[in-house]
Amino acid sequence: MCLGIPGEILEIRQDEPDLARVDVAGVRRMVNIGLLDGEGLAPGDWILIHVGFALSRIDEVEARAAMDFLQSIGQAYDDELRALYESTNT
Amino acid sequence: MRYVDEFRDAQTARAVAAEIAALCEPGRRYSFMEVCGGHTHTIYKHGLEDHLPETIRLVHGPGCPVCVIPMGRVDDAIAIARHPDVILTSFGDMLRIPGGTGSFLDAKAEGADIRMVYSPLDALKIAKNNPDRRVVFMAIGFETTAPSTAMTVLRAAADGIDNFSVFCNHVTIIPALKAILDSPDLRLDGFLGPGHVSTVIGCRPYEFIPRDHHKPLVTAGFEPLDILASVLMLMQQLDEGRAEVENQYSRVVPWDGNPRALQVISQVMELRPHFEWRGLGFISSSALQIRPDFAAFDAERIFAIPGVRVADPKACQCGEVLKGVLRPWECKVFGTACTPETPIGTCMVSSEGACAAYYNFGRFRREHVRELTLTDAAGTAVPL
């Protein structure tokens, strides 16, 4: 729940600019980027995702560090990732 | 600059630890509180307290929003779920939290329709797909998740969804910090500020801590070296007689936070006059409720909830652990009656709870004599 998962923006929906297709640890999911609407996000940008929403923008180096940290947590991260994968919001 | 390599650098860790030690006044003890589950994980997993002088203590405070939900509120949610047409949706970490008469999982086993969701948007989708059912989202978390709940309510309103509501149990971090600082039980020298809450609220809200209590706060990242660097910044402030808010995690946390996130929170939610926190009692203006404008999405207005206050089990010392007065292993039932498999209190059930973190990572370190290690850039364990 409070684990921020890094993801890379692949595409932003033209018809719904609040939604982006994001690669999160190898899986593609729709993420709501409405909380970062002033940031001019584009494909290739990295974001930190909490419960389906992008909360902040990060760079690729920080994204990798965040992934390493999450993997070191173990079970809690596995649970969060599994919940994300099973999330119906594709 | 390759952050990952730099932050893995055991030599840097040694240097930082040495600088920290050099700043310790002889005969003085130091206590710094951290209020973030991620920080607790890093501290216990890497045994960071062992890298620090023995006179420095890192105390885990009430940073786990699941842990502070009183048992009565769990019962209230279950009462909502027992309506035959209700689907109660919740984050996974809530499922095993014990209420007065059992957890969500227990209620589910007895026939209540309770489903785990990753995001409030999933709960909204369930509502859209089940127009004959009433879907309730159990909203928990600090300011990190409140914007997501708020955005989902706005979405529901925009889409004209009339079978979706939120049982709002969001809490805010600042009043908890104030309650800690006002508590006579504990003497603290400074704080490690939470990482992701701060991406939303920024660093300004912490300014009352140096201003009113003359104690420093450093917003810290999650890597071991982030935390060591933050402790060093706190020690430098103390040494120089300064008390300020500093942002060690500036690569992720903007000083002003996320204005849009703050705006949606205040559009959809307002502060409750008071709210009960497990272990801390009633705290004024410390939790959020849905604004009257969005009453159609407020489960507390739609459903009659018992609202009964349930006292914690006698053996449970979660309150003292949450306040940082007791360390996990000092709780009488830690590791015996209370384990992750048979939890009595929330500090052990939640993956962010201090007791769960300590049980999973820290316990074995204390029981054995061991080498203090970090990993170097190649991933090899290096003794400190």
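Not measured: the values here are computed from a predicted model.

**As for unusual backbone geometry**
Residues and elements named next belong to chain B.
Okay, so step 1: Non-glycine residue His214 carries a positive phi angle of around 55 degrees.
Okay, so step 2: Tracing the sequence through the fold places His214 in the loop between α11 (208–213) and β8 (217–219).
Okay, so step 3: When the 10 C-beta atoms within 10 Å are taken as the criterion, His214 is described as exposed.
Okay, so step 4: One non-glycine residue, Ser285, lies in positive phi territory at about 45 degrees.
Okay, so step 5: Examined against the element boundaries, Ser285 turns out to sit in the loop between β12 (281–284) and β13 (288–290).

**As for the nonpolar core**
Here is a general trend for soluble globular proteins: nonpolar side chains tend to be buried in one another's company.
Okay, so step 1: By size, the foremost hydrophobic cluster in this structure holds 151 residues, and its most contacted members are A:Ala54, B:Phe32, B:Leu88 and B:Leu228.
Okay, so step 2: By residue number, the principal contributor to this core is helix α12 (residues 224–239) of chain B, which donates 10 residues.
Okay, so step 3: Ignoring sequence-local partners within four residues, the contact set of A:Ala54 consists of A:Val31, A:Asn32, A:Ile33, A:Leu35, A:Leu36, A:Ile47, A:Leu48 and A:Ile49.

**Observations concerning the packing of helix α2 (residues 10–23) of chain B against α12(B)**
Residues and elements named next belong to chain B.
Okay, so step 1: Here α2 crosses α12 at 25 degrees, and the two axes come no closer than 9 Å. Relative to α12, the element α2 lies roughly parallel. Helix-helix and strand crossings are classified by hand; for α2 and α12 the assignment is left-handed. Every residue of α12 that contacts α2 at Thr12, Ala13, Val16, Ala17, Glu19, Ile20 and Leu23 is listed here: Pro224, Leu225, Leu228, Ala229, Val231, Leu232, Met235, Gln236 and Asp239.
Okay, so step 2: When grouped by side-chain class, the residues that make up the contact of α2 with α12 number 12 nonpolar, 2 polar and 2 charged.

**With respect to α12(B)**
Residue and element names in this part refer to chain B.
Okay, so step 1: Taking 1.5 Å of rise per residue, the 16 residues of α12 would be expected to cover 22 Å, and the 22 Å separating its terminal C-alpha atoms lies within 8% of that figure.
Okay, so step 2: Burial analysis of α12 places 14 of its 16 residues in the buried class, the great majority of the element.
Okay, so step 3: Just downstream of α12 lies Gly241, where phi reads positive at about 70 degrees.

**Quick look at the environment of B:Arg96**
Okay, so step 1: For B:Arg96, the position within the fold is in the loop between β3 (86–90) and α6 (104–109).
Okay, so step 2: The contacts of B:Arg96, once residues within four sequence positions are left out, are B:Ser103, B:Leu105 and B:Val349.

**Regarding the domain arrangement of chain B**
All names here are of chain B.
Okay, so step 1: One can read the domain layout of chain B as domain 1 (3–22 + 41–56 + 203–247), domain 2 (71–173 + 257–302) and domain 3 (318–367).
Okay, so step 2: Taking only C-alpha atoms into account, the centre of domain 2 sits 27 Å from that of domain 3.
Okay, so step 3: The partner domain 3 presents 9 residues to the 7 residues of domain 2 that form the contact.
Okay, so step 4: Considering only residue class, the side of domain 2 that touches domain 3 consists of 3 nonpolar, 1 polar and 3 charged.

**Considerations on the interface of chain A and chain B**
Okay, so step 1: Between chain A and chain B, the contact holds 33 residues from the first and 35 residues from the second.
Okay, so step 2: Every element with two or more residues in the side of chain A that touches chain B is listed here: β4 (46–50), β5 (53–58), α1 (60–73) and α2 (75–86) of chain A.
Okay, so step 3: At 8 residues, α1(A) tops the list of elements feeding residues into the side of chain A that touches chain B.

Each value, and the rule that gives it
- Residues numbered from 1 in each chain as written.
- Chains lettered and ligands numbered in written order.
- Predicted model: local features only at pLDDT ≥ 70, side-chain atom pairs only at ≥ 80, totals over all residues.
- Helix = DSSP H or I, 4+ residues; strand = E, 2+ residues; numbered from the N terminus.
- Buried ≥ 20, exposed ≤ 12 C-beta atoms within 10 Å, placed from the backbone.
- Core = buried A, V, L, I, M, F, W, Y, C linked by C-beta atoms within 7 Å.
- Contact = placed C-beta atoms within 7 Å.
- Axes fitted to C-alpha atoms, helices over the stretch in contact; angles between N-to-C directions.
- Parallel < 35°, antiparallel > 145°, perpendicular 65-115°, else oblique.
- Left-handed = near helix turned anticlockwise from the far one by under 90°.
- Nonpolar A, V, L, I, M, F, W, Y, C, P; charged D, E, K, R; others polar.
- Expected span 1.5 Å × (residues − 1).
- Domains from an automatic or database assignment.

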